[in-house]
Amino acid sequence: MRCTQLNLNHCEAAQSLLLQAVRERSPNVVLICEPYKPIPGSGWVSSRCKKAAIWAVDTPPKEVNASSDGFVRAKLRGVTFYSCYAPPSWDLGRFERMLADITDDLRGRAPFVIAGDFNAWAVEWGSRETTARGTALLEHFSSLDIGGERQNQRRPNKSGPKWKDRFLDADTFSHVFNVAEWNPTGTSVDDMARQLSECLDAACDSSMPRRKPSRRGSPCYWWNDQIAQLRKACLRARRCSQRARRRPDFEDRLEDLRAAKRALKRAIKASKSSCFRQICEEADVNPWGTAYKVVTKTIRGQDSLRVTCPILLRSIVETLFPQHAEQDVSFASRLEPWQPISVDEVKSATKRIGDRKAPGCNLIGFADDLALVVVAKEVGAVEAAANAAIGVIAEWMQEAGLDLAGHKTEAVLITSRKKVEFMSVQVGNNTIRSMESIKYLGVLLDNRLSFRAHVDYVVQKASRMQGALSRMLPNIGGPKVGRRLLLARVVASILLYAAPIWAKAVESNQGLRRKLSAPYRLCALRVISGFRTVSHDAALVLAGMIPVDILAMEMREIYLARAEMGNGVPVDAIRRAERQASLVTWQVRWDSATNGRWTHQLIPKVEEWLNRGRGEVNFHLTQFLTGHGGFRKYLHKYRHEDSPECPTCPSASEDPEHVLYYCTRYRGRAGVVPPPESLMAFMLATEDNWSSTSQLIIGIQRDLRRCERERRERSDA
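What counts and how
- Residues numbered from 1 in each chain as written.
- Predicted model: local features only at pLDDT ≥ 70, side-chain atom pairs only at ≥ 80, totals over all residues.
- Heavy atoms only, no water.
- Helix = DSSP H or I, 4+ residues; strand = E, 2+ residues; numbered from the N terminus.
- Buried < 20%, exposed > 50% of the residue type's maximum accessible area, 1.4 Å probe, protein only.
- Contact = heavy atoms within 4.5 Å.
- Areas by Shrake-Rupley, 256 points an atom, 1.4 Å probe, with all protein chains shown as cover.
- Phe/Tyr/Trp six-rings, centres within 6.5 Å; stacked < 30°, edge-to-face > 60°.
- Lys NZ or Arg CZ within 6 Å of the ring centre and 35° of its normal.
- Pairing = 2+ DSSP bridges.
- Axes fitted to C-alpha atoms, helices over the stretch in contact; angles between N-to-C directions.
- Core = buried A, V, L, I, M, F, W, Y, C linked by side-chain atoms within 4.5 Å.
- Polar contact = N/O pair within 3.5 Å; in protein donor to acceptor, adjacent residues only side chain to side chain.
- Left-handed = near helix turned anticlockwise from the far one by under 90°.
- Nonpolar A, V, L, I, M, F, W, Y, C, P; charged D, E, K, R; others polar.
- Salt bridge = Lys/Arg side-chain N within 4 Å of Asp/Glu carboxyl O.

**Student:** Where do I start with the overall build of the protein in this structure?
**Tutor:** If you tally the helices and strands in the protein, you get 26 helices and 14 strands. When each of the 717 residues of the protein is scored for burial, the buried share is 38%. Sequence-distant contacts in the protein: of pairs separated by 6 or more residues, those separated by 24 or more amount to 60%. A total of about 43300 Å² of accessible surface is found on the protein, and carbon and sulfur atoms cover 52% of it.

Structure (structure tokens):
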């Protein structure tokens, strides 16, 4: 099915061009935002606000829902289409209500296609930053199987090498081919042809890069023998239909081709779904296996082109490794007699070295990255000291046979003055002007040391990784909690890189803490298989994930303690002490939080829950522990039910406590259950207690979901 999506911006000319484009491209369905006016006499349906429309070109639409603001739904050829438009003038609350209505309407309508203009930004789809709308869109659709990657089975390459001709350097090709000594010495045509082919291969290798050979023997993870046979049958049917043109049986052959294509598409879709589900289940054994490679493939960088031109290679080598005259590097003859230095003198000198440097210049080196730190009160003094130090460094490097890459030098002026100031330094023939931030050893240092740029950078990087990993962490099925937690630490490691440096600045900035917590919270929701409405505090407690800002301060305190105490104190002892302090801070925050109070009633002590020896949460158990699930009180809060009352217990709200302890429907099934304050202690006491109580809760949750579906079916009818 051919589908087109576009925004007409309420333009008459644009809609006229659309009519011509439909004639030329022949799409089956067009999803339109901001149409100019409905097209009479066609399968056109619009939303209530007339800002989103679906145009069924050749098939009448079915199961139409045009009574909502912001989107319209229609079913065509077994696929449910949603055309959406959220104006920029909407506030965040109205935008989230539209998303909630869409996700609610999606239930039981697979397969579906959602397209439109949400006016939302997120780094996951290439935007510079993630806005509040982008975050809401990610949270609403994170648990849905939306998106994916296009996997195509490549045909095997023909024999012989291939080159990327778009990179052809004609001058190099002509030069290499002309200087090649091609003197046919063979007596047969085959020998002369082989020699000519070798000369052509050498000229091509010098003037353009080769194409990578196909990886035969490593097909897509969903490829199988059935799909291979169906593809052969599809190709055979296409050949038969092409040969049957202008023959009486052409329509029959064409119908055979369509049937073969449908069978192939169904087989590929079914294989992708089952195989991906299978490799997600295998993540319990190997979390870094096929599933991890599949979902993270889209965020890996592309391989750089291999340079094969000898002239370019020679230039690169000469630039990176310049040749210098041999020098006498023995300094023994230049040194004056010296007295031996004792170990006590070395220790005494190291104790006098602190983090705060005195005014002047300090040189810090890590491998081939040098950092020159200049401390002064005036910009002019900074420039003078920096230029003098750079001159000394350049002179020393020249004596040692090394070169200083001036064009790669960056500078930043760190100051607390209100007026933004800049400076310039001279590195060889290059004048370097200070910037707002520079990147050194993976950390972005800005001119205020606020680390806002660094937080934005790591949050963007972590969000891409979290979005990729969420594909292999569905609510139902997939890896167990232990493996989910291990995968979530991949995102945590990205967020906490170099945390001892920036943790203090983030601790006092609520905005930066909120940014760091956004991808971290989404990871916690994937660990516990919870709904997006679960509070940040409750999600972290259930997942056993210490808040990211507390972890950052813990890493900072460990670093400072090791620097202060030296190597005499065991590192494990320092880490245990700081972890205990982090748990105390987390407990205070959990006790004073305003959200997740039902979860706090069940799990009041985070350390006991974190160190439990048994019990894993799942999709159904998480709904009970959070109160966010198939309970009418929760559904009524988000306008999915007309009333929060229990259908069998008048004047009582249907929440987790009522269902488990008081509801007449489940009182006989529940038996004797401890009160909420001691329920977790009872469940964690023995494996049998956890298993029996979990099965009871899972059975109740499934029954509540069944009742909800029945109510919806009756209301739809």
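Moving on, there is more to tell.
**Student:** Please clarify how the packing of aromatic side chains should be interpreted in this entry.
**Tutor:** Each pair of aromatic rings is reported with the distance of its centres and the angle of its planes. Enumeration according to the criterion identifies seven aromatic pairs in this entry. Each ring, one from F71 and one from Y82, has its centre 6.1 Å from the other, and the planes form 40°; the classification is tilted. Here F71, found in strand β6 (residues 71-76), pairs with Y82, found in strand β7 (residues 79-85); they are 11 residues apart in sequence, far enough to count as distant. Between the aromatic rings of F531 and F619, the centroid separation amounts to 5.7 Å while the plane-to-plane angle is 80°, which identifies the pairing as edge-to-face. One end of the pair, F531, is in the loop between α15 (510-528) and α16 (536-543); the other, F619, is in helix α21 (residues 619-626), and 88 residues separate them in sequence. Its relative accessible area of 12% is what places F619 among the buried residues. Through pairs of rings, three or more aromatic residues link up here, namely F531, F619, Y634 and Y638. Above the face of the W590 ring, R597 is positioned so that its terminal group lies 5.1 Å from the ring centre. Over the ring of W609 we find R612; its NZ or CZ atom is 3.8 Å from the centre of that ring.

**Student:** What is the right way to look at the sheet that holds strand β4 (residues 52-56) in this model?
**Tutor:** Either a parallel or an antiparallel arrangement is found when strands of a sheet pair, and the pairing is made through backbone hydrogen bonds. If you walk across this open sheet you meet the four strands as β1-β2-β4-β3, and the pairing is mixed. Two strands close off the open sheet at either side, each with one partner strand: β1 (3-7) and β3 (43-46). The sheet shows a mean angle of 15° between the axes of neighbouring strands, taken without regard to direction. Sheet topology places strand β2 (residues 29-33) next to β4; five bridges connect them, and they run antiparallel. Across the sheet, C33 pairs through a bridge with A52, a residue of β4.

**Student:** How do you make sense of the nonpolar core when you look at a structure like this?
**Tutor:** If you look at the biggest cluster of nonpolar residues, it comprises 86 residues, and the most contacted ones within it are M472, W502, L516 and M545. With residues near it in sequence (within four places) discarded, M545 still touches L485, A488, Y520, C523, A524, V527, L540 and W586. Ranked by size, the runner-up nonpolar core spans 15 residues in total, among them F71, Y82, M98 and L99.

**Student:** Which parts of the structure should I look at to understand α21?
**Tutor:** Counting buried positions along α21 gives eight out of eight residues, so the element sits mostly inside the fold. All of the buried residues in α21 are F619, H620, L621, T622, Q623, F624, L625 and T626. Turning to α21, the residues buried within the fold contact α15, α16, α19 (597-602), α23 (656-661), α25 (676-685) and α26 (687-716). Two or three places before H620, at the start of α21, stands the capping residue N618, its side-chain oxygen 3.2 Å from that residue's backbone nitrogen.

**Student:** Got a minute to help me understand the packing of helix α17 (residues 548-565) against helix α18 (residues 571-592) in this structure?
**Tutor:** A pair of packed helices is captured by two measures, namely the crossing angle of their axes and the spacing between those axes. Packing of α17 against α18 brings their axes to within 9 Å, and their N-to-C directions diverge by 150°. As α17 packs across α18, the resulting crossing turns out to be right-handed. Facing α17, whose interface residues are D549, I550, L551, E554, E557, I558, A561, R562 and M565, α18 presents V571, I574, R575, E578, R579, S582, T585, W586 and R589. Within the contact of α17 with α18, the residues separate by chemical class into eight nonpolar, two polar and eight charged.

**Student:** It is not clear to me how the pattern of salt bridges should be interpreted in this structure. Could you clarify?
**Tutor:** Where charged atoms of side chains with opposite charge meet at close range, the side chains can pair. Following the criterion strictly, the structure yields 28 salt bridges and no others. Notably, a salt bridge pairs R258 with E255, separated by 3.7 Å at the nearest N-O pair. One end of the pair, R258, and the other, E255, are both in helix α7 (residues 250-281), three residues apart, so they sit about a helical turn from each other. A relative accessible area of 36% places E255 in the partly exposed class. E378 is paired through a salt bridge with R417; the nearest N and O atoms lie 3.8 Å apart.

**Student:** I keep staring at the sheet that holds strand β5 (residues 62-65) and nothing clicks. Help me out?
**Tutor:** Judged by pairing direction, the sheet is mixed, and its four strands sit side by side in the order β5-β6-β7-β8 without closing on themselves. Both edges of this open sheet fall to β5 and β8 (112-117), since each of them pairs with a single strand only. Averaged over all neighbouring strand pairs, the angle between strand axes comes to 10°, with direction disregarded. Pairing geometry for β6 and β7, over six bridges, is antiparallel. Bridge pairing links A74 to F81 in β7. Contacting β5, β6, β7 and β8, helix α2 (residues 92-105) runs over the sheet at an angle of about 20° to β6.

**Student:** I would appreciate a short explanation of the pairing of strand β11 (residues 424-427) in the present structure.
**Tutor:** The two faces of the sheet receive side chains in turn, since in a regular strand these alternate between them. Taking every second residue as pointing to the same face, the buried face of β11 carries V425 and V427, while none of S424 and Q426 on the other face is buried. Across four bridges, the pairing between β11 and strand β12 (residues 430-433) is antiparallel. Pairing of S424 across the sheet is with R433, part of β12. Hairpin connection between β11 and β12: a loop of two residues separates the two successive antiparallel strands, and G428 in this loop has a positive phi of roughly 65°.

**Student:** Which parts of the structure should I look at to understand the side chain of S206?
**Tutor:** Along the chain, S206 turns up in helix α5 (residues 189-207). Look at S206 and you get buried, because its relative accessible area is 10%. A polar contact of 2.9 Å, which involves the side chain of S206, links it to the backbone oxygen of A202.

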